[in-house]
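Descriptive analysis of the structure
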Amino acid sequence: MKRLHYGWAVCLAGTLLLFITMGTVSNGFSIYLPYILEQHGFTNSQTSFLVTLRCLVSFLAMLGIGVYYQKVSIRMGTGLAAACAGAAYWLYSAAETYPVFCLGAALSGFSYGLGSMIPVSILMNRWFVRRKALALSVCASGSSIATILLPPITTAMVEGQSMKTAFRIESIAIFALTGLIVLLLRSSPAEMGLPPYGGVPEEKAGQPESQGKSFGLPPRTWVLMACVSLFMGALANPGFSHLSVLFASEGFDSGVVAAIISGTGIMITLGKLLYGAVADRVGGCRSSLLFGGLLLGGHLLCCLAFLQSIPLCLATVLLLGVGYPIATIGPSVWAGDMCSQDQYPKTLRRFQVIYAGGALAFSSVPGILADHLGGYLPAYLLFSLLLALALCFLGVSYRRSRRMAR
């Protein structure tokens, strides 16, 4: 019987890592926002600022992630990143004042910034020669699994026990999973005297560089794509994080709100697989406009939450879930389509930085609008407008990039 390669154990560790650093820190925490707002008497702006602070710290952490992993191994660095999430939830459980919640949000930002897809991608690149994309997709599912599982569990604990108890139990669970990650994870196959899965990659030394044309994005296209990346960052992070308070503020029962968040998580998991398959078949432009259109429809339905219609909620979950992957996977597809291979790393890195900046810039906007306009519906009208503009800019950018490639 053939022995399973240890790379798959590392893949499991990567899945658990993203479950913690992206799932619990971002998507899982969103279910707590209505309870924090209600039980502690914070304003909508204060509650949204917790998301803003997390985004700010994670953005700064991403800027320094290269230096961080030069100082510590990936095994130790990801273990510390996951432990920060556990410490954040422990602080939330003990918090009686707003500054303590802010400290917890800052720690969760370190967890997200230092422990998300960047180290996981490095690990999969080291451990896998064959099936590297499969390994990455398995790891990426960790955050979606958290989105599916955590809302009903969290809601049941808060309603049945208390918010403090729910935070404390989830903190203990995060620390336990962190221990399992450190136990399973190895920074490279060499640490275990193993080749990567699929054999040792051969360096093609002396091979002449590609004779293909080198091209990047011209300045005008950069401006358009910067707007697209910025808007997508706003939609993928603040837009999703405030879904729970949107539906709660419009009178939906807490159990229905939890079902909406979990259902959206399920559809996001399926949407990731579907988006990749469609993009391979019809290309990045058509697939992005198609899935972007579905996401736009979902945001427009969010603006009808005041109707308290369950059928409309089901349609919203379907459209948002299938559409959201364009915001997370899209930048990689666009960079690959709009520039030559030698320009791809720089282009993608810039897209990702601007994307993170968009999440940061818009993180407090829903709460501010709610405080001034009486609810969260105006925020989702704004998100719908930004998404419509992003799709227009994306279409123009694809047309210009095709001309340049010719």
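Residues numbered from 1 in each chain as written. Predicted model: local features only at pLDDT ≥ 70, side-chain atom pairs only at ≥ 80, totals over all residues. Heavy atoms only, no water.

Mapped onto the secondary structure, Ser332 falls in helix α15 (residues 325-338). Residue class for Ser332 comes out partly exposed when judged on its relative accessible area of 30%. (Helix = DSSP H or I, 4+ residues; strand = E, 2+ residues; numbered from the N terminus. Buried < 20%, exposed > 50% of the residue type's maximum accessible area, 1.4 Å probe, protein only.)

Note that Thr21 resides in helix α1 (residues 7-30). A polar contact of 2.8 Å, which involves the side chain of Thr21, links it to the backbone oxygen of Gly115. For Thr21, the contacting residues outside a window of four places in its chain are Ala81, Ala82, Ser111, Tyr112, Gly115 and Ser116. (Polar contact = N/O pair within 3.5 Å; in protein donor to acceptor, adjacent residues only side chain to side chain. Contact = heavy atoms within 4.5 Å.)

A separate point is the nonpolar core. Counting 124 residues, the largest nonpolar core has Tyr32, Met232, Leu243 and Trp334 as its most contacted members. Contacts of Leu243, omitting those with residues within four sequence positions, involve Ile261, Cys302, Leu320, Tyr324 and Tyr380. (Core = buried A, V, L, I, M, F, W, Y, C linked by side-chain atoms within 4.5 Å.)

Our next topic: the state of the cysteines. Two cysteines joined by a covalent bond between their sulfur atoms form a disulfide. Summed over the entire model, instances satisfying the criterion amount to zero disulfides. Here Cys11 is not cross-linked by a disulfide; its sulfur's nearest cysteine counterpart is in Cys139, at 3.9 Å. With a relative accessible area of 2%, Cys11 lands in the buried category. Cysteine Cys55 is unpaired, with the sulfur of Cys102 as its nearest cysteine sulfur at 13 Å. By relative accessible area, Cys55 is classed as buried at 5%. (Disulfide = S-S within 2.5 Å.)

Right, let's talk about the confidence of the model for the protein chain for a bit. Mean pLDDT for the protein chain: 84, with 92% of residues reaching 70 or above. Contacts for the low-pLDDT stretch residues 201-211, under 50 throughout, to residues beyond four places or in other chains number two contacts. (pLDDT = per-residue confidence, 0-100.)

A few words on the pattern of salt bridges. What the rule picks out here adds up to one salt bridge. Glu96 is the salt-bridge partner of Lys164, the closest N and O atoms lying 2.9 Å from each other. With Lys164 in helix α9 (residues 163-184) and Glu96 in the loop between α5 (74-94) and α6 (98-115), this pair connects stretches of sequence that are 68 residues apart. With a relative accessible area of 55%, Glu96 lands in the exposed category. (Salt bridge = Lys/Arg side-chain N within 4 Å of Asp/Glu carboxyl O.)

Attention now goes to the packing of helix α10 (residues 219-241) against α15. Axis separation between α10 and α15 bottoms out at 10 Å; the angle between their running directions is 160°. Taken together, the axis directions place α10 and α15 in an arrangement best described as roughly antiparallel. Between α10 and α15 lies a crossing whose hand is left-handed. In contact with Met225, Val228, Met232 and Ala236 of α10, α15 contributes Ile326, Ala327, Trp334 and Met338. When its residues are assigned to classes, the contact of α10 with α15 shows eight nonpolar, no polar and no charged. (Axes fitted to C-alpha atoms, helices over the stretch in contact; angles between N-to-C directions. Parallel < 35°, antiparallel > 145°, perpendicular 65-115°, else oblique. Left-handed = near helix turned anticlockwise from the far one by under 90°. Nonpolar A, V, L, I, M, F, W, Y, C, P; charged D, E, K, R; others polar.)

Here α5 crosses α9 at 170°, and the two axes come no closer than 7 Å. On the basis of the axis angle, α5 is roughly antiparallel to α9. On α9, the residues touching Arg75, Gly79, Ala82, Ala83, Ala85, Gly86, Ala87, Tyr89, Trp90, Tyr92, Ser93 and Ala94 of α5 are Lys164, Phe167, Arg168, Glu170, Ser171, Ile172, Ile174, Phe175, Thr178, Val182 and Leu183. For the contact of α5 with α9, the class distribution of residues is 14 nonpolar, five polar and four charged.

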